[in-house]
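Each chain, letter by letter, is given below.
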Amino acid sequence: MAGNIDKFKKRHFGKAIVLGIVSLVLYTILFTEQHVLNEVFAKGGYYALLPIATAFLFSFVHGNFTGNFWDIIGISAKKEKR
Amino acid sequence: MHDIAAQASNFIDLTTTTAVYLFIVGFVGGLVSGFIGSGGAFVLTPAMMSLGVPGLVAVASNMCHKFPKALIGAIKRYRYGQVDIKLGIVMGISGEAGVLYGASIQEKIKQAFGDAGSNLYVSVAFVVVLGVVGSIILKDVLNSRKNHTTNDEEKVTALARWVQSIHIPGTMVYFKSLNARISVLFTIPLGFATGILAATIAVGGFVGVPSMMYVLGAPGLMASATELVIAFVMGVGGSLKYALHGLVDIRLAMLILGGSLFGIQLGAIGTTYVKPYMIKVVMATIMMIVLFSRALMVPVYLSQLGLISKLGDGLINALKSTSFAIMILALLIGAFIILKAIFKGLIAERRLTIQLAVKQQQTVTGGQ
């Protein structure tokens, strides 16, 4: 039982670290390159796909990171209702 | 959208304080949305505008953070078995039409009556919708408390039973959240109204969730989770519409998203620890406080339109600040109720786990 919990936590911890680093890199790029991104994203037309794609990318990476984050600090859904 | 070019080129400079502020507001908004399906976004547009972000850019950036947030929330709650994807998509598509129609009404009002007219329309919509729908939910909550039925299973309303009893050939669809076949001729207007409200006050869920509960007969937990699918479907289309005009400030959208994804996960987890009754408590509380906040602004816009005597600048500023502060308070009170429920639920679950472990240990020891 304790072994299973350890495995569960280790798996989530590993995932959270990797996704956290990728998320941090994405946010760093967003702010260091903000002037370029603002200029390109504000062009409209076909460029409209860029903010939508960016939102999907951030939600996938950062969303998975936050999910694992709450799991590793011990805040997870009630077991019976899963 | 005549001043689009001017607004798009007017993206604000970001400071660390601004970034932290948006991240925190995003977190609280996400927490509330994860729990009741929506309701966190109404404060974000004014919050961004208070930093000097032009109105249309604030609306566009808010919309662009909403759909990815709703997607993550919907996936999380789907894992808990709370989402009715079919109902979400059906209502989301009609909601998209409602968003477009709602936005065109907004533009016409703005052209005819200017900013003050548009703001008055939004505030009156807030007051009327939240007054009517909020009262219905509040009455339901108070009745549950009075009759000591807060822990009971939710009852399907007489209206929902009637809706489920109507058979219109060629339009009947089975929805798992209702465990019944209903005509899409009922879901389409509800989705459409949700979209109009989303385009008007940024929170379609204030109509979407109650209509799924009281008109269609969905349980509170499933209605609030399904609203996230509706918000996603409506949000993608709405964001694309604004992005086509280059109005999305991706930095603002992603900063708010950064905080709100922490919040939405936590809010979704919270739903597994509470009875459906709590969804209604949080929703009614937020709606009634926000109603008060927006009602304070009505005299300001009436005065700007010359419909009542002119108010002094000092009074206008005081009403604006008070209204914004009450709006933030509404969100914080909602967040507090949710966090308290999660905390209590986690403690109760840990106690139960310890008790079970002790019992298991005793059984093993007794058997030897």
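Residues numbered from 1 in each chain as written. Chains lettered and ligands numbered in written order. Predicted model: local features only at pLDDT ≥ 70, side-chain atom pairs only at ≥ 80, totals over all residues.

1. Topic: the overall build of chain A
Here is step 1 of the chain: Summing up its helical and strand segments, chain A has three helices and zero strands in all.
Here is step 2 of the chain: Here chain A holds 82 residues, and the buried ones make up 28% of them. (Helix = DSSP H or I, 4+ residues; strand = E, 2+ residues; numbered from the N terminus. Buried ≥ 20, exposed ≤ 12 C-beta atoms within 10 Å, placed from the backbone.)

2. So, the overall build of chain B
Here is step 1 of the chain: Helix and strand counts for chain B come out as twelve helices and two strands.
Here is step 2 of the chain: The linear arrangement of helices and strands in chain B, starting from the amino end, is α-α-α-α-α-α-β-β-α-α-α-α-α-α.
Here is step 3 of the chain: A compact globule built from 368 residues would reach a C-alpha radius of gyration of about 21 Å, and chain B, at 22 Å, matches this within 12%.
Here is step 4 of the chain: Dimensions of chain B, computed from the C-alpha atoms along their principal axes, are close to 80 × 55 × 40 Å.
Here is step 5 of the chain: Counting every position in chain B, which comprises 368 residues, the buried fraction comes to 51%.
Here is step 6 of the chain: Sequence separation of at least 24 residues holds for 82% of the intrachain contacts in chain B that already meet a minimum separation of 6. (Rg over C-alpha atoms; globule rule 2.2 N^0.38 Å. Contact = placed C-beta atoms within 7 Å.)

3. Some remarks on the environment of Leu-302 of chain B
Residues and elements named next belong to chain B.
Here is step 1 of the chain: Among the structural elements, Leu-302 can be located in helix H11 (residues 276–304).
Here is step 2 of the chain: Judged by C-beta crowding, with 17 C-beta atoms within 10 Å, Leu-302 ranks as partly exposed.
Here is step 3 of the chain: For the pair formed by Leu-302 and Ala-116, sequence separation is 186 residues and the distance between their alpha carbons is 7.9 Å.
Here is step 4 of the chain: Apart from residues lying up to four places away in sequence, Leu-302 is in contact with Leu-120, Leu-307 and Ile-308.

4. Details of the interface of chain B and chain A
Here is step 1 of the chain: In this complex, chain B contributes 33 residues to the contact, which on the side of chain A involves 30 residues.
Here is step 2 of the chain: Mapped by element, the contributors of at least two residues to the side of chain B that touches chain A are helix H4 (55–79), helix H9 (220–244), helix H10 (250–271) and helix H12 (313–367) of chain B.
Here is step 3 of the chain: Among the elements that line the side of chain B that touches chain A, the one with the most residues is H10 of chain B, at eleven residues.
Here is step 4 of the chain: Residues of the side of chain B that touches chain A, tallied by class, amount to 22 nonpolar, eight polar and three charged. (Nonpolar A, V, L, I, M, F, W, Y, C, P; charged D, E, K, R; others polar.)

5. Some details on the pairing of strand E2 (residues 180–183) of chain B
Residue and element names in this part refer to chain B.
Here is step 1 of the chain: With four bridges connecting them, strand E1 (residues 172–175) and E2 associate as antiparallel partners. What sits directly across from Phe-175, in E2, is Ala-180.
Here is step 2 of the chain: Between E1 and E2, which pair antiparallel and follow one another directly, the connecting turn spans four residues, one of which, Asn-179, has a positive phi of 50°. (Pairing = 2+ DSSP bridges.)

6. Remarks on unusual backbone geometry
All names here are of chain B.
Here is step 1 of the chain: Despite not being glycine, Asn-179 shows a phi value in the positive range, around 50°.
Here is step 2 of the chain: Topologically, Asn-179 is positioned in the loop between E1 and E2.
Here is step 3 of the chain: The exposure class of Asn-179 is exposed, given the 12 C-beta atoms found within 10 Å.

7. Some thoughts on the confidence of the model for chain A
Here is step 1 of the chain: Per-residue confidence for chain A gives a mean pLDDT of 86; residues scoring 70 or more make up 87%.
Here is step 2 of the chain: Confidence, read as mean pLDDT per element, is least for helix H1 (residues 2–32) of chain A in chain A (84) and greatest for helix H3 (residues 49–72) of chain A (94). (pLDDT = per-residue confidence, 0-100.)

8. Section: helix H7 (residues 184–201) of chain B
Here is step 1 of the chain: Spanning 18 residues, H7 of chain B covers 25 Å between terminal C-alpha atoms, matching the ideal 26 Å at 1.5 Å per step.
Here is step 2 of the chain: One or two positions beyond H7 of chain B, positive phi appears at Ala-202 of chain B, with a value near 75°. (Expected span 1.5 Å × (residues − 1).)

9. Let's talk about the packing of helix H5 (residues 85–146) of chain B against H7 of chain B
Residue and element names in this part refer to chain B.
Here is step 1 of the chain: One can describe the packing of H5 onto H7 by two numbers: an axis separation of 3 Å at closest approach and a directional angle of 40°. The angle between H5 and H7 places the two elements in the oblique class. Viewed along their axes, H5 and H7 form a crossing whose handedness is right-handed.
Here is step 2 of the chain: Tallied by class, the residues present in the contact of H5 with H7 amount to 21 nonpolar, eleven polar and one charged. (Axes fitted to C-alpha atoms, helices over the stretch in contact; angles between N-to-C directions. Parallel < 35°, antiparallel > 145°, perpendicular 65-115°, else oblique. Left-handed = near helix turned anticlockwise from the far one by under 90°.)

10. Here's the deal with the packing of helix H6 (residues 158–165) of chain B against helix H8 (residues 205–216) of chain B
The relative placement of two packed helices comes down to the angle between their axes together with the axis-to-axis distance.
All names here are of chain B.
Here is step 1 of the chain: Viewed as axis vectors pointing N to C, H6 and H8 meet at an angle of 75°, and their least axial separation amounts to 6 Å. By the criterion of interaxial angle, the relationship of H6 to H8 is roughly perpendicular. Contact residues: Leu-159, Ala-160 and Val-163 in H6; Tyr-214, Val-215 and Leu-216 in H8.
Here is step 2 of the chain: For the contact of H6 with H8, the residue count by class is six nonpolar, no polar and no charged.

11. A closer look at the environment of Glu-227 of chain B
All names here are of chain B.
Here is step 1 of the chain: Following the sequence through the fold, Glu-227 ends up in helix H9.
Here is step 2 of the chain: It is 28 Å that separates the C-alpha atoms of Glu-227 and Ser-50, two residues lying 177 residues apart in sequence.
Here is step 3 of the chain: Ignoring anything within four residues of it in the chain, the contact list for Glu-227 reads Gly-37, Ser-38, Gly-205, Gly-208 and Val-209.

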